[in-house]
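Chains, contacts and geometry: an overview
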Amino acid sequence: MLSTMSELVHDYRLLIADVYELAGVSRRISEREAAGEGTTVARWHVLSTVSEEPLAVPAIARRLGQVRQAVQRVVDDLTEAGELCARPNPAHRRSALYAITPEGERLLQRLWDASETRRRDMLDDSGVTPDELRRARETLRRLSTALSS
């Protein structure tokens, strides 16, 4: 029989395995949807990440769990395509903040629209409630914050 702390660690490990599995399945579906809109899932994820606020490449990379160099390539592509723009970063002169442009917002909206029905059907099939999703997200954010400190 596991001690309470060992059980907690065991349950955490199982949760992380489930998160990886969910992320993998979701990514494969998103790759097909992105291709249907003439883009990549990597571009979609970066646009989504900066849709709430401008971020520097290292912050985008941390949020996506990617290496900075890979994210920089995607950011450069999006900037060249006019879907992101660089802004001065008052906290770090050499690390620009990247913001979504109106063109990037239109692409992101097309991607969200293309995936809306499938996501809604999947959520309906799962029986998961909005409150359960919010609690799950809060739990994951708390764990992420604890691991980062």
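My aim in this report is to walk through the structure given alongside it, one point at a time. Position numbers for residues start from 1 in each chain and track the written sequence from start to end. The model is predicted, so local features are restricted to residues of pLDDT at least 70 and side-chain atom pairs to those at 80 or more, both for listing and for counting; the totals for chains, interfaces and linings are taken over all residues. Heavy atoms from the whole structure form the basis of all side-chain values; hydrogens and water molecules are not counted.

Any carboxyl oxygen of Asp or Glu within 4 Å of a side-chain nitrogen of Lys or Arg constitutes a salt bridge here. For the structure on display, the rule yields 6 salt bridges. With a closest N to O distance of 3.6 Å, Arg110 and Glu37 form a salt bridge. With Arg110 in helix α5 (residues 102-126) and Glu37 in the loop between α1 (4-36) and α2 (41-50), the pair connects residues that are 73 residues apart, well separated along the chain. Owing to a relative accessible area of 29%, Glu37 belongs among the partly exposed residues under this scheme. Secondary structure follows DSSP: runs of H or I at least 4 residues long count as helices, runs of E at least 2 residues long count as strands, and numbering of each begins at the N terminus. The cut-offs for exposure are 20% and 50% of the maximum accessible area for each residue type, with area from a 1.4 Å probe on protein chains only; residues under the lower value are buried, those over the upper are exposed, and the others partly exposed.

Turning next to the environment of Ser95. Mapping Ser95 onto the fold places it in the loop between β1 (84-87) and β2 (97-100). A C-alpha to C-alpha distance of 37 Å links Ser95 and Glu132, two positions 37 residues apart in sequence.

Right, let's get into helix α3 (residues 57-64). For α3, the full list of buried residues reads Val57, Ile60 and Ala61. Buried residues of α3, viewed axially, fall in a sector of 100°; they line one side. Immediately downstream of α3, the backbone of Gly65 shows phi near 70°, a positive value. What the arc covers is the set of directions going from the helix axis to the C-beta atoms.

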